[in-house]
Amino acid sequence: MEIPLFGDHPTKRRREINLGGTNVTRAHASILQDAHARRAQRTEERRRQESAIRIQNWWKANLQLRLVKRQLQAVFEQDVAGITGLRCLVLIGRDEYVLERWSTAMLSGGPDSIFNTMIDPHGATLLRRASFLLLQFVADQPLATSSAAHVAVLEILLCSQLPPQPPILRHTRIQILSYLLTHGYYSLLGRAISSIPLSAKSTSPALPILVTLLTSPFTVFPGASPPYTESLEDVFSFVLTTPLLPNRLPIASLTFLAPRLPLNALYLIKADRVIQNTQNIESRIHLLANLAAFAPPRYSTFSPETMEVYLNLISMILYSLPMHALEPPLQQSSKTQETSTWDDESDSDGEPQVTVVKSFQPKQVLPELDPKTRTRLQTIASPAHINSLLEATQRKSKIRRSLYSWCVALSNIWPERRDKILGAIVVYGGGGLVRELYREYVRPSLLGKDLNHTALMDPSHASSWPPLLFLVELYTQALLTMGDDEFFSKGTTNGAPRNPLTLDELTSFSKQLLNIAFTLYWHHDQASMQGGVSGMPNLKWEGVRDKMTKCLQAIHARDSRKRFTPEGHWLVTSEVDIAPFVEAAVLEERQLAQPLGSRPLSKRQIASMAPRLGVLNNIPFAIPFDVRVTIFRHFIVNDMVVRGYDRYNSRAGTRIVVRRGRIAEDGFDKLQDVDLKAPIQITFIDQFGTEEAGIDDRGLWLATKQHELYPNPHSYATEAHSLNWYRFIGRILGKALYEGILVDVAFAGFFLAKWLGKQSFLDDLSSLDPELYQGLIFLKHYTGDPEELSLNFTVTEEEFGVTKSIPLVPNGEQIPVTRENRLQYIYLVSHYKLNKQIRKQSDAFFDGLSQMIDPKWLRMFNQQELQVLLGGVDSPVDLDDLRKHTNYGGLFEDHEPTIQIFWRVVNSFNQDERRKLLRFATSCSRPPLLGFKELIPNFAIRDAGSDENRLPTASTCVNLLKLPRYKNERTLREKLLQAIYSNAGFDLS
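The rules behind the values
Residues numbered from 1 in each chain as written. Predicted model: local features only at pLDDT ≥ 70, side-chain atom pairs only at ≥ 80, totals over all residues. Heavy atoms only, no water. Helix = DSSP H or I, 4+ residues; strand = E, 2+ residues; numbered from the N terminus. Buried < 20%, exposed > 50% of the residue type's maximum accessible area, 1.4 Å probe, protein only. Contact = heavy atoms within 4.5 Å. Areas by Shrake-Rupley, 256 points an atom, 1.4 Å probe, with all protein chains shown as cover. Pairing = 2+ DSSP bridges. Axes fitted to C-alpha atoms, helices over the stretch in contact; angles between N-to-C directions. UniProt positions renumbered as here; feature names shortened; annotations may be inferred. Patch = residues over 30% accessible without salt bridge, like charges linked within 9 Å, V, L, I, M, F, W, Y side chains within 5 Å. Salt bridge = Lys/Arg side-chain N within 4 Å of Asp/Glu carboxyl O. Lys, Arg positive; Asp, Glu negative; His and termini not counted. Charge placed at Lys NZ, Arg CZ, Asp CG, Glu CD. Phe/Tyr/Trp six-rings, centres within 6.5 Å; stacked < 30°, edge-to-face > 60°. Lys NZ or Arg CZ within 6 Å of the ring centre and 35° of its normal. Core = buried A, V, L, I, M, F, W, Y, C linked by side-chain atoms within 4.5 Å. pLDDT = per-residue confidence, 0-100. 1 Å grid on protein atoms, 1.4 Å probe; cavity = no way out; pocket = protein on both sides within 12 Å on 5 of 7 lines; lining within 4 Å. Points joined across faces, edges and corners; volume = space filled by probe spheres on them. Expected span 1.5 Å × (residues − 1). Parallel < 35°, antiparallel > 145°, perpendicular 65-115°, else oblique.

K.L.:
Please give an account of the overall build of the chain that cites residues and values.
P.N.:
Along the chain, the regular secondary structure elements total 42 helices and 12 strands. For the chain, with 989 residues in total, the buried portion stands at 51%. Considering only contacts in the chain between residues 6 or more positions apart, those separated by 24 or more positions represent 75%. Carbon and sulfur atoms make up 52% of the accessible area of the chain, which amounts to about 47,100 Å² in all.

K.L.:
Can you break down the sheet that holds strand β12 (residues 960-963) residue by residue, with the values?
P.N.:
Picture the strands of a sheet paired through backbone hydrogen bonds; they go either parallel or antiparallel. With mixed pairing, four strands are arranged side by side in an open sheet as β9-β10-β12-β11. What marks the edges here is a single partner per strand, and that holds for β9 (887-889) and β11 (953-955). Averaged over neighbouring strand pairs, the angle between their axes works out to 25 degrees when direction is ignored. Where strand β10 (residues 940-943) and β12 come together, four bridges link them in parallel fashion. When the bridges of β12 are listed, A940 appears paired with L960. Of the strands in this sheet, β11 and β12 touch helix α41 (residues 911-922), which is tilted by about 55 degrees from β11.

K.L.:
Describe in detail the UniProt feature "active site" (unreviewed entry) in the chain, supporting the description with residues and values.
P.N.:
Those residues carrying the UniProt feature "active site" (unreviewed entry) are C957 in this numbering. Mapped onto the elements, C957 comes out in the loop between β11 and β12.

K.L.:
If you had to explain a positive patch on the surface to someone new, which residues and values would you point to?
P.N.:
Together, R38, R39, R42 and R46 line one region of the surface with positive charge. One can find R42 in helix α1 (residues 24-78). Note on R42: relative accessible area 46%, which makes it partly exposed.

K.L.:
Can you tell me about unusual backbone geometry, naming the residues and giving the values?
P.N.:
Positive phi, close to 60 degrees, is recorded for H707, a residue that is not glycine. With respect to the element layout, H707 can be found in the loop between β5 (701-703) and β6 (709-711). Here the phi dihedral of S790 falls at roughly 55 degrees; this positive angle occurs in a residue that is not glycine. Looking at the element boundaries, S790 is found in the loop between α34 (770-780) and β7 (794-799). Its relative accessible area of 64% is what places S790 among the exposed residues.

K.L.:
Could you give an account of the packing of aromatic side chains, naming the residues involved and the relevant values?
P.N.:
Throughout the structure, instances matching the rule amount to 38 aromatic pairs. Here the aromatic rings of W725 and F728 are separated by 6.0 Å at their centres, their planes lie at 85 degrees, and the arrangement is edge-to-face. One end of the pair, W725, and the other, F728, are both in helix α31 (residues 720-739), three residues apart, so they sit about a helical turn from each other. With respect to class, W725 is no different from F728; both count as buried. Relative to F751, the ring of F747 has its centre 5.6 Å away and its plane inclined at 55 degrees; by these criteria the two rings are tilted. Of the two residues, F747 and F751, neither departs from the other in class, the shared state being buried. Cation over ring: K562 sits above F488, and NZ or CZ is 4.9 Å from the ring centre.

K.L.:
Could you give an account of a nonpolar patch on the surface, with specific residues and numbers?
P.N.:
On the surface, W58, W59 and L63 cluster together into a nonpolar patch covering about 350 Å² of accessible area. With respect to the secondary-structure elements, W58 resides in helix α1. With relative accessibility at 51%, the residue W58 sits in the exposed group.

K.L.:
Before we move on, can you summarise the nonpolar core with the specific residues and values?
P.N.:
Counting residues in each nonpolar core, the largest one holds 252 residues, and the members touching the most others are W465 and F509. What W465 contacts, discounting residues up to four positions off in sequence, is L447, L456, I516, V533, M536, W541, V544 and M548. Counting residues in each nonpolar core, the second largest holds 28 residues, with F909, A921, L972 and L976 among its members.

K.L.:
Tell me what's going on with the pattern of salt bridges, and back it up with residues and numbers.
P.N.:
With the rule as written, the count across this model stands at 33 salt bridges. For the salt bridge of R558 with D763, the shortest nitrogen-to-oxygen distance reads 3.5 Å. Taken together, the positions of R558 in helix α25 (residues 541-561) and D763 in helix α33 (residues 762-768) put the pair 205 residues apart, joining distant regions of the chain. Across the pair, exposure class does not vary: R558 and D763 are buried alike. We note a salt bridge from K833 to E797, for which the minimum N-O separation is 2.9 Å. Here K833 is found in helix α35 (residues 822-836), whereas its partner E797 is found in strand β7, with 36 residues between them in sequence. Given the relative accessible area of 16%, K833 is considered buried. By sharing partners, the salt bridges in this structure join D484, R558, R561, D763 and D764 into a single network.

K.L.:
An account of helix α6 (residues 145-158) is needed here, citing residue identities and associated values.
P.N.:
For α6, the tally of buried residues reaches 11 of 14 residues, placing the bulk of the element in the interior. Within α6, burial applies to S146, S147, A149, H150, V151, A152, V153, L154, I156, L157 and L158.

K.L.:
Give me a negative patch on the surface: which residues, what numbers.
P.N.:
A cluster of acidic side chains, namely D785, E787, E788 and E820, defines a negative patch on the protein surface. Tracing the backbone shows E787 in the loop between α34 and β7.

K.L.:
So, the confidence of the model for the chain: which residues are in play, and what are the values?
P.N.:
The share of residues in the chain with pLDDT of 70 or more is 87%, and the mean pLDDT across the chain is 83. Between residues 689-697, whose pLDDT stays under 50, and residues either more than four places distant or in other chains, the model counts 10 contacts. The low-confidence segment residues 985-989, where pLDDT is below 50, has 23 contacts with residues more than four positions distant or belonging to other chains.

K.L.:
Provide a residue-level description of empty space enclosed by the protein, including the pertinent values.
P.N.:
Any space left empty among the atoms is revealed by the rolling of a water-sized probe across them. In total, this model carries three cavities of 30 Å³ or more according to the counting rule given. Approximately 160 Å³ is the volume found for the largest cavity. What lines the largest cavity is a set of 13 residues, and nearest its centre among them are V629, R633, L742, L869 and E934. Of all the secondary-structure elements, those providing two or more residues to the lining of the largest cavity are α29 (625-643) and α38 (863-871).

K.L.:
Could you give an account of the environment of L446, naming the residues involved and the relevant values?
P.N.:
Here L446 lies in the loop between α19 (418-442) and α20 (453-456). Separated by 15 residues in the primary sequence, L446 and H461 have C-alpha atoms spaced 8.1 Å apart.

K.L.:
Lay out helix α21 (residues 465-480) with the relevant residues and their values.
P.N.:
Within an α-helix, residues lying three or four positions from one another point in the same direction, as the helix has 3.6 residues per turn. The terminal C-alpha atoms of α21, which comprises 16 residues, lie 23 Å apart, in line with the 22 Å expected from a rise of 1.5 Å per residue. With 16 of 16 residues buried, α21 is to be regarded as a mostly interior element.

K.L.:
Please set out the packing of helix α26 (residues 578-591) against helix α28 (residues 611-618) residue by residue, giving values where relevant.
P.N.:
Contact geometry of α26 with α28 gives a least axis separation of 8 Å together with a crossing angle of 95 degrees. Regarding the angle of α26 to α28, the classification is roughly perpendicular. Within the contact between the two elements, α26 uses F581, A584, A585, E588 and E589 and α28 uses P611, R612, L613 and L616.

See below:
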């Protein structure tokens, strides 16, 4: 074959070369990709090889271990009860057969064989590990047949009576226990006990010995030693957190354990360590339930130091739980007598409840508690338990502050039982506890002494908050069943009921509360209000503000009825510049304006978004009344502007015709679908010769002895057509408020409270039913046994001659009134009479009223102020102000002779005659609060001709007096008095 001089052999394929160039970028990326792929392949191969080596090593080790274990077992069998066998047991570890064989062998030799092993220096060391292995096995399998033998060995090692000699036996026991304590002794015991079903408690041979083992460290270690203290903390953390612990133990074991739990040494423990060890909610709840079973019988033996630590521990546990954690989940939807509150506006009759969403974080799921645990928890809030605590802490001032913190924590974490908790304390402590709280803890406190907002949330004041909050809640609860006679009583007669605080003390106390509440509304933003109070983490500052507000409102309501505070006591004008306050409040109202038909904002929501409106809606009495009225009128003017209405141009509004004799029916029919916020023109026809009708000829209203109106509670007043009438009347009165028209009608205070979203209590019952009020006061202070009166939780009603019994609570017929629950009975009777009976009527009325007036505008006033806003102020008629704002028509002007005579005659009238004149001309006998400039339209006098035999007449709808041109003062006086005392108006025209 010829070999070419140049080039390759002709049979060899030549390399192809592309002279057009290559894509450098693609070639570079391809190279990198290939490199990464090869590296990954090498890594995977290396990983597989290493894994294979590890598996081979494990398999070899496992084979070797099995071999060694078989060898150890063989050696073990040759000397089961000796040191060699014990050493093999420790080396073999958790082997069920070996452990059972050893325990059986040791027990067959009796306690002496175990004691001999304890004496041996090597045996003592090995026994520590062996004991731990036995305890581990029992914790995992407490029902196994071998567990009985294991715990029997542990009992001899740790609990049995030791021979007096040699002393090393005791030393060995201490070593074993110390070792076990550092390796979870109580955690393993708790796990073993909780793993034994309740049904097996009588048949399990291991359970009684496990209970005995619980008490061993407390007999071995000295009382104040660290192991003793740690053991006690671990009992709380790992044993007393066992669900239904008392129910899991046989009677003999329970009787053995209860007196041997060293609860009297509680002063040694650190409560925060117990809290850290019990990190889940359910464990803490079971700890509370078990303490409720074991601790109360020992209260009388507790030292002050022990009781203080006990109360602080319970308070810390309660504060670490979420709200409602102690509320039985099964009863959240169906309230029973056991969990029903005195009142949380619980007369809703099945209406849907709306909750404001504060956060979109997942809601914490509360644990489902079994019935026995729920029953045991309920004993914590029972009157008997609370009374035993109050007795145990009586005359022990050192621990009273801890008791107050416990009460606040319990009532806050368990709102469903707050009323019963506070009610029991009110019954037991009477006024003495309130006086003690105020005089010894609250009055000396710096909280609320001024309006220094920076110091209010200072952690240095943490210890001052529990007594103050407890006093606020306790006194608010006491006021629910305290009549005005008791509230204002001086208590000079022995045994006479009296207010626990003097009026001077109440003045100082209410000022203290006002300073705190105003500061929390005015100076703190929403972020700070959501923070927790120092020392009470689940109580937010927002909740503190609500408690202060509720108590303040209750005290102010009494002061409104009968003044006992000095002038200007409730005002904070020194902190507020009024003119900018008014402007800012009006601006905040514009910013919070909501679309028609949307759900109204709550007072708490308003306070978080608008501080001035928060003050006006919650503590309005902090701002002068005339300022609030000015703000109210500004709100209405703004509303008119937004809607495009002109209050002075009535011609652009709706026109309707009403027959004088059928005012109510025609008004109801023709105004039902009319926008009453718009101007309305009403033309009356057939008015001559007929008596002017009122708004109620249908029996929808009743009057108290003070001639104050309230809805008729009769069943026919709750029928649909009657409720429509209440709704219509609410709209009409809302129209009067909207237009600034005064209405000469007085409503009962408890009914006006409904306008403000408030409930009424015992103190309001005296105006509705004086006899029932006196009967309830008699019951409250009855010194005998209330059960002698044969009362139960029902009220009787008579309609159409038929008497029926109405339960105040479920199964009320079966619940007698006792000394412990009589305050609840008094409250519920008052609540039924003042609130539940007229609820539907009041709701319908307020529904109509709120169509005209925003509810938050009304909340700027209390009941008395609302009556003034509606009907004018009950003050002397200022004729100079009236004349200044009087318009004249026809031939009249201010200097016309008849007008001059008229003002001279009116100036000679007494106040009763002046009010008669005002009512004759305007339909209301009281002047407007802010003067006659607010009378819409202004008072007017019009020429009615020259016939001096005619009487003056009036058109009350336009505040017009029609006055003939009388020539002399005597005639004008006689005719005017005759007219105004005739109780007529239109019909004289």
